[in-house]
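Close look at the chain arrangement
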Amino acid sequence: MQRVCGICPTSHSTAFLDCVERGMKIDPAKKVKLLRVIELELERINSHMLWTGHMANILGYKMLFMFFWKEREHTLDVFEKITGGRIHHNFSKLRSARFDLTKDMENFMLRKLARVEKKVKGYLKTFRSDSIMKARLRGVGTITKDGAERMGVVGPVARGSGVNIDVRKHIPVYRELGFEPVLEKVGDSYARTLVRLRETLQSIELVREALSEMPKTRLPKWGSFAGATFESTGRSEAPRGEDFHFIKAENGIIKRAKIRTPTFSNIISLEGMLKGREIGDIPVILGSLDPCFACMERVMVVKDGKAEDMSEEEFRRKYVGNNIPSVCPTH
Amino acid sequence: MGLRNSIKKSPWVSYFNSGGCNGCALEVVALITPRYDIERFGAILKSSARHADILIVSGALTEQSRKRLVNGYRQMSPDKKVIAVGICGCSGGPFRFTYNIKKRVDEVIPVDMYVPGCPPRPEAIINAIVKLMVENDGSKQKGTAARGRKGK
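Residues numbered from 1 in each chain as written. Chains lettered and ligands numbered in written order. Predicted model: local features only at pLDDT ≥ 70, side-chain atom pairs only at ≥ 80, totals over all residues. Heavy atoms only, no water.

1. Side note on the overall build of chain B
Check the secondary structure of chain B and you find 7 helices and 5 strands. Ordering the α and β elements of chain B from the N terminus gives α-β-α-β-β-α-β-α-α-β-α-α. Within the span of chain B, comprising 152 residues, buried residues form 51% of the whole. A fraction of 78% describes how many contacts in chain B between residues 6 or more apart in sequence connect residues 24 or more apart. (Helix = DSSP H or I, 4+ residues; strand = E, 2+ residues; numbered from the N terminus. Buried < 20%, exposed > 50% of the residue type's maximum accessible area, 1.4 Å probe, protein only. Contact = heavy atoms within 4.5 Å.)

Here you go:
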């Protein structure tokens, strides 16, 4: 499930596991949940720093772009130390995780995070004080709270407009860690930038708290998917917003899967944001939504302005062929 | 100076994502950032394939992106090299037999170097670029391409 996206692989695997565990009525141990929190938050730090660097590049700050990507390498080092992979981690398992954190890994993580935190705090100060940043970002691509709720945007885009929406606040283990969503009121590109930078710092705090609350028990055994029949949904908070999975399985074989990715919800608001702005603002506005185009590639057949409506059987006959296993298209 | 010399000394690199998950894209962009920095070898990432000597292709080559890949490849300079990055770019990977992937990258355009991995580390991609540089160097000595041939 990780190969859905290269920037937020863990969110997809966590949402998928949430879905399967709900369907099979498994409640993982607290230790496993905390390990997933750590992995998700590290991914958020990574993704937000990647995005802020990209945004700085759009604004013309090549140097800041390099700084952010340099610091991002440290979070990738942490991932490599823990899971063995820089981009795709494959850390979570059904009911468990692949392996436990050792003392060495924890110390390494804390050391690297302390460095990243110090640097991000400095960059946040730059974003707050730099007049050119403000001139380029303030009032650009504004979406009001009302508009954000109507469009159904998710993640940092919604939180930048003051909509208190976050999957994490509904998850018990996050509530125990004292999680509160980061909110900004204005709803322009500047607010979204600040939300992401503040969330980076918040995520570092969350990782530290999760590490301190980690029970000293052994990891439970991996579960098996064999023979499971269910129809269930699961979700997780990806760096870009809510990630939603629907799985229908029969006898341990997945018959139908639908993934609703956050960019798919966010990109709809682009039209309203672009109205009345100049051409030069387009990269900034599009960039501020943090679009992931791998997230947006969905199958939708449009003919003469009408979406083609067909059943699963018809779709398979027309596009898939008979000898290929049913890889389910979304939409 | 012929076109071959440009790959020998300072290859400009362009990147094409033919329907991948962004994982390889991140590692390719990481090439220009301070830790890896392919500008040490005289290489620059260019957004247009027309300016490039080496094309890096990642992704499983979806039906929609196939025409665009061939189109971009045709517009490159005559003496060009292609690197397939990632297991999807090399063979199709986990997406090989899915409904919208009919051909592999190397069935559509000639591929000179394969870099497997999911995703491969940036060092591996740098290694592929440097190997292409060495291959195009007349002296065939390892390492000379990176430093440049002395006395000429």
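Following the structure, the description resumes.
2. With respect to the sheet that holds strand S2 (residues 44-46) of chain B
Residues and elements named next belong to chain B. Across the sheet, which stays open at both edges, the 5 strands sit in the order S2-S1-S3-S4-S5 with parallel pairing between neighbours. Of all the strands in the sheet, the pair left with one neighbour each is S2 and strand S5 (113-115). Averaged over all adjacent pairs, the angle separating strand axes in this sheet is 30 degrees, with direction ignored. Both strand S1 (residues 12-17) and S2 contribute to a ladder of 3 bridges, which runs parallel. The partner of Trp-12 across the bridge, within S2, is Ile-44. Against the sheet, helix H6 (residues 122-136) touches S1, strand S3 (54-58), strand S4 (81-85) and S5, its axis set at about 165 degrees to S5. (Pairing = 2+ DSSP bridges. Axes fitted to C-alpha atoms, helices over the stretch in contact; angles between N-to-C directions.)

3. Here we look at the nonpolar core
By size, the foremost hydrophobic cluster in this structure holds 95 residues, and its most contacted members are Ile-38, Leu-42, Leu-101 and Met-109 of chain A together with Ile-83 and Ile-129 of chain B. Broken down by element, the residue count for this core peaks at 13 residues, all from helix H2 (residues 30-59) of chain A. Sequence-distant contacts of Ile-83 of chain B, defined by excluding residues within four places in its chain, comprise Ile-54, Leu-55, Ile-56, Val-57, Met-113, Val-115, Ala-128, Ile-129 and Leu-132 of chain B. Core analysis: the second largest hydrophobic core is formed by 13 residues, Leu-61, Tyr-73, Ala-84 and Ile-109 of chain B among them. (Core = buried A, V, L, I, M, F, W, Y, C linked by side-chain atoms within 4.5 Å.)

4. Focus on the side chain of His-12 of chain A
Residues and elements named next belong to chain A. Mapping His-12 onto the fold places it in helix H1 (residues 9-23). With relative accessibility at 1%, the residue His-12 sits in the buried group. Apart from residues lying up to four places away in sequence, His-12 is in contact with Met-1, Val-4, Cys-5, Asp-243, His-245, Ile-259 and Thr-261.

5. Concerning the interface of chain A and chain B
The figure often quoted for interface size is the accessible area lost as the parts come together. The interface of chain A with chain B comprises 26 residues on the first partner and 21 residues on the second. It is Arg-3, Trp-69 and Arg-86 of chain A in chain A that bury the most area against chain B; as a group they hold 25% of the surface buried on that side. Here chain A and chain B share 4 salt bridges between them. Taking the shortest distance from any N to any O, the salt bridge between Arg-35 of chain B and Asp-77 of chain A comes out at 3.0 Å. For the interface between chain A and chain B, the tally reads 5 residue pairs in polar contact (both at pLDDT 80 or more). Mapped onto the side of chain A that touches chain B, the elements with two or more residues apiece are helix H3 (62-83) and helix H14 (312-320) of chain A. Top contributing element to the side of chain A that touches chain B by residue count: H3 of chain A, with 9 residues. (Buried area = accessible area lost by both parts, 1.4 Å probe. Salt bridge = Lys/Arg side-chain N within 4 Å of Asp/Glu carboxyl O. Polar contact = N/O pair within 3.5 Å; in protein donor to acceptor, adjacent residues only side chain to side chain.)

6. Looking at the packing of H3 of chain A against helix H4 (residues 103-129) of chain A
Residue and element names in this part refer to chain A. Running from amino to carboxyl end, H3 crosses H4 at an angle of 165 degrees, the nearest separation of the two axes being 10 Å. What the angle tells us is that H3 and H4 run roughly antiparallel. Relative to H4, the crossing made by H3 is left-handed. Across the interface between the two elements, Leu-64, Phe-67, Phe-68, Lys-70, Glu-71, His-74, Thr-75, Asp-77, Val-78, Lys-81 and Ile-82 from H3 touch Asp-104, Met-105, Phe-108, Met-109, Lys-112, Arg-115, Val-116, Lys-119, Tyr-123 and Phe-127 from H4. Residue composition of the contact of H3 with H4, grouped by class: 11 nonpolar, 2 polar and 8 charged. (Parallel < 35°, antiparallel > 145°, perpendicular 65-115°, else oblique. Left-handed = near helix turned anticlockwise from the far one by under 90°. Nonpolar A, V, L, I, M, F, W, Y, C, P; charged D, E, K, R; others polar.)

7. What to know about the pairing of strand S4 (residues 241-250) of chain A
All names here are of chain A. Judged from the 9 bridges that link them, strand S3 (residues 230-238) and S4 form a sheet pairing that is antiparallel. Paired with Ser-232 across the strands is Ile-247, a residue of S4. Count of turn residues in the S3/S4 antiparallel hairpin: 2 residues. Here S4 pairs with strand S5 (residues 253-260) via 7 bridges, running antiparallel. By the bridge assignment, Glu-250 is partnered in S5 with Ile-253. Hairpin remark: S4 followed by S5, antiparallel, with 2 residues in the connecting loop; positive phi at Asn-251, about 50 degrees.

8. Observations concerning the pattern of salt bridges
The final tally for this structure, using the stated rule, is 35 salt bridges over all chains. Salt-bridge contacts for Glu-80 of chain A lead to Arg-121 of chain B; the nearest nitrogen and oxygen are separated by 2.5 Å. One end of the pair, Glu-80 of chain A, is in helix H3; the other, Arg-121 of chain B, is in the loop between S5 and H6, on a second chain. A relative accessible area of 31% places Arg-121 of chain B in the partly exposed class. Each of Glu-41, Arg-44, Arg-159, Asp-166, Arg-168, Glu-199 and Glu-237 of chain A takes part in a single network of salt bridges with overlapping partners.

9. Some details on the packing of aromatic side chains
With the rule as written, the count across this model stands at 6 aromatic pairs over all chains. Plain terms: the ring middles of Phe-91 of chain A and Phe-99 of chain A are 5.7 Å apart, the flat faces sit at 70 degrees to each other, and that makes the pair edge-to-face. We classify Phe-91 of chain A as buried; its relative accessible area is 3%. The exposure class of Phe-99 of chain A is partly exposed, given its relative accessible area of 30%. Joined through ring pairs, the aromatic side chains of Phe-67, Phe-68 and Tyr-123 of chain A make up one cluster. Between the NZ or CZ atom of Lys-93 of chain A and the centre of the ring of Trp-222 of chain A, over which it lies, the distance is 4.2 Å. The side chain of Lys-80 of chain B reaches across the aromatic face of Tyr-73 of chain B, ending 4.3 Å from its centre. (Phe/Tyr/Trp six-rings, centres within 6.5 Å; stacked < 30°, edge-to-face > 60°. Lys NZ or Arg CZ within 6 Å of the ring centre and 35° of its normal.)

Fair warning: the whole summary comes from geometry, so function is off the table for now.
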